[in-house]
Amino acid sequence: MPAALKFDNRFVRELPGDPLNTNERRQVLGAAWSAVRPTPVAKPTLLAHAREVAALVGFGPEDHDSSRFAEVFGGNALLTGMQPYAAAYGGHQFGHWAGQLGDGRAISLGEVINARGERWELQLKGAGPTPYSRSADGRAVLRSSIREFLCSEAMHHLGVPTTRALSVVTTGEPVLRDMFYDGRAELEPGAVVCRVAPSFIRFGNFELATARGDEALLRQLVDFTIARDFPHLAADAPARVAQWFREVCERTATMLVHWMRVGFVHGVMNTDNMSVLGLTIDYGPYGFLDDFNPHWTPNTTDATGKRYRYSQQPAVAQWNLERFADALQPLFPDLEPLKAGIGAYVERFNAEYRAMLAAKFGFPTLDAERERLAQQGLGLLMEAEGDHTRFFRALTEWNGAVSDDDATAVAALGDVFYDEAKREAAAPALADWLRRWQASRTAADVDVAATQAAMEGANPRFILRNYLAQQAIDRATAGDASMVHELLDTLRRPYDAQPGREAFTAKRPEWARHKAGCSMLSCSS
């Protein structure tokens, strides 16, 4: 292990901590964090790690192979300079205020400053109970740990703003979980994932302070967050809090556009799962679209109301930002700057979404005619039950004219559809759409080379398909982690052709349509 990782633990140094040191579940008042050590496990064993993230933090290849690495990131040991803690925050869950939540199974180890001067917070998920655990055990199971590890890295390489993942360590201890909250709890293998980000501060940190009327703590949190995580904002500018809120809104808009681009559905967009840095955090019951269904949610808890369905995510993000604005109101005698921040979210999202949609379809811009064409294409994709990722890759790789024969024209898209009857019914409209799409793609105002490059960068070949993640989990549970490693390596280059790995681009097989883990999941982890 490196002898001199540099820790600069500003969160615990500059913000008020819990005066009690007992690790018991309770309401924590007047504090941003509680000191708590990870609970040791029986047999920490490294299952997988991301070498790029290890290098960011300051670890070399020789460190990953040491037993000490598994000890530290399984929760059994600390490195010099680490000051473990759990953060206090609240949140709105499914639209309702939930009060104090906090890091119930996450324990931050400290803030590393790497050789480039970058700050990276190391956080263990599944490392044992904290004062915020409520009735839970603070542990995590292998399936959820692998899902978070793989998706964190997949999203980064897709170009989506996200937290990262350093490692997955198995614990050698079983964890009791009721996967679907149906009274059939089972023992599952336990694991700890180490996630990495410049900051894990979320909307809920500020919401909790305001809900309790603790304006002093609210001001401390805001001043600290701006000083540490937004240093480009002038410290003495009277409008800097308004500028900061606007930037959070704009970063959130950019993140949401990327989610929509790659077909990602977070599944549990509560305000405590929203990062002030505009990063995707807390990978729980997430999923990627297989067939293009804007009404799909991967979360079984959300199956009835579908609050967090794919198409609703931009609106939910705005609602969450409005709750964040509510939390900041005590700092604003005039609310116009907060309203302006929300307006900036709408403006940024709309502009970037239109640019993203143009890139996916290969248009130079999205004028009125091309916008109609794009929306018609999405409508037909849904009607014909086409695969979101494979359809856009087929458009990206389209070569030549569109056949005058409808069946031949649609067949040229390849293995894109999930329902043959729906494909046949939609074939005439799809073929007509393809001809109009190609005519627009090759119109006089189109720089085909530029639009082709944009398509290549907007439409991935490889995503972390739900059924692939579940297959990797099943094999790892049986003692074979090779598919976890192969998926991780494949997802490092999601836009590139990778001969020999074409199977990882295949659409969802029929057996996975309703299989647990391959279609929908619960929040249980």
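Residues numbered from 1 in each chain as written. Predicted model: local features only at pLDDT ≥ 70, side-chain atom pairs only at ≥ 80, totals over all residues. Heavy atoms only, no water.

Caption draft 1: Summary view of the nonpolar core. F73, W244 and F361 are the most contacted members of the largest nonpolar core, which totals 164 residues. Ranked by the residues each element gives to this core, the list is headed by helix α8 (residues 240-262), at 13 residues. Apart from the residues within four sequence positions on either side, W244 is in contact with F206, V222, T225, I226, F230, L233, V276, F324 and L328. (Core = buried A, V, L, I, M, F, W, Y, C linked by side-chain atoms within 4.5 Å. Buried < 20%, exposed > 50% of the residue type's maximum accessible area, 1.4 Å probe, protein only. Helix = DSSP H or I, 4+ residues; strand = E, 2+ residues; numbered from the N terminus. Contact = heavy atoms within 4.5 Å.)

Caption draft 2: Expanded view of the environment of E322. Inspection of the secondary structure assignment puts E322 in helix α9 (residues 313-328). E322 sits 100 residues away from V222 along the chain, and the two C-alpha atoms are 17 Å apart.

Caption draft 3: Examining the packing of aromatic side chains more closely. Enumeration over the complete set of coordinates arrives at 29 aromatic pairs. Relative to F324, the ring of F206 lies with its centre 5.5 Å away and its plane at 50°, an arrangement referred to as tilted. One end of the pair, F206, is in helix α6 (residues 203-211); the other, F324, is in helix α9, and 118 residues separate them in sequence. As far as the burial class goes, F206 and F324 line up, both buried. Measuring from ring centre to ring centre gives 5.4 Å for W259 and F264, while their planes differ by 65°; the resulting arrangement is edge-to-face. Note on accessibility: W259 and F264 belong to one class, buried. A network of ring pairs unites the aromatic residues F361, F363, F391, F392, W398, W433 and W437 as a single cluster. Just above the ring of Y286 sits the side chain of R147; from NZ or CZ to the centre is 4.0 Å. Lying across the ring of Y418, K507 places its NZ or CZ 5.8 Å from the centre. (Phe/Tyr/Trp six-rings, centres within 6.5 Å; stacked < 30°, edge-to-face > 60°. Lys NZ or Arg CZ within 6 Å of the ring centre and 35° of its normal.)

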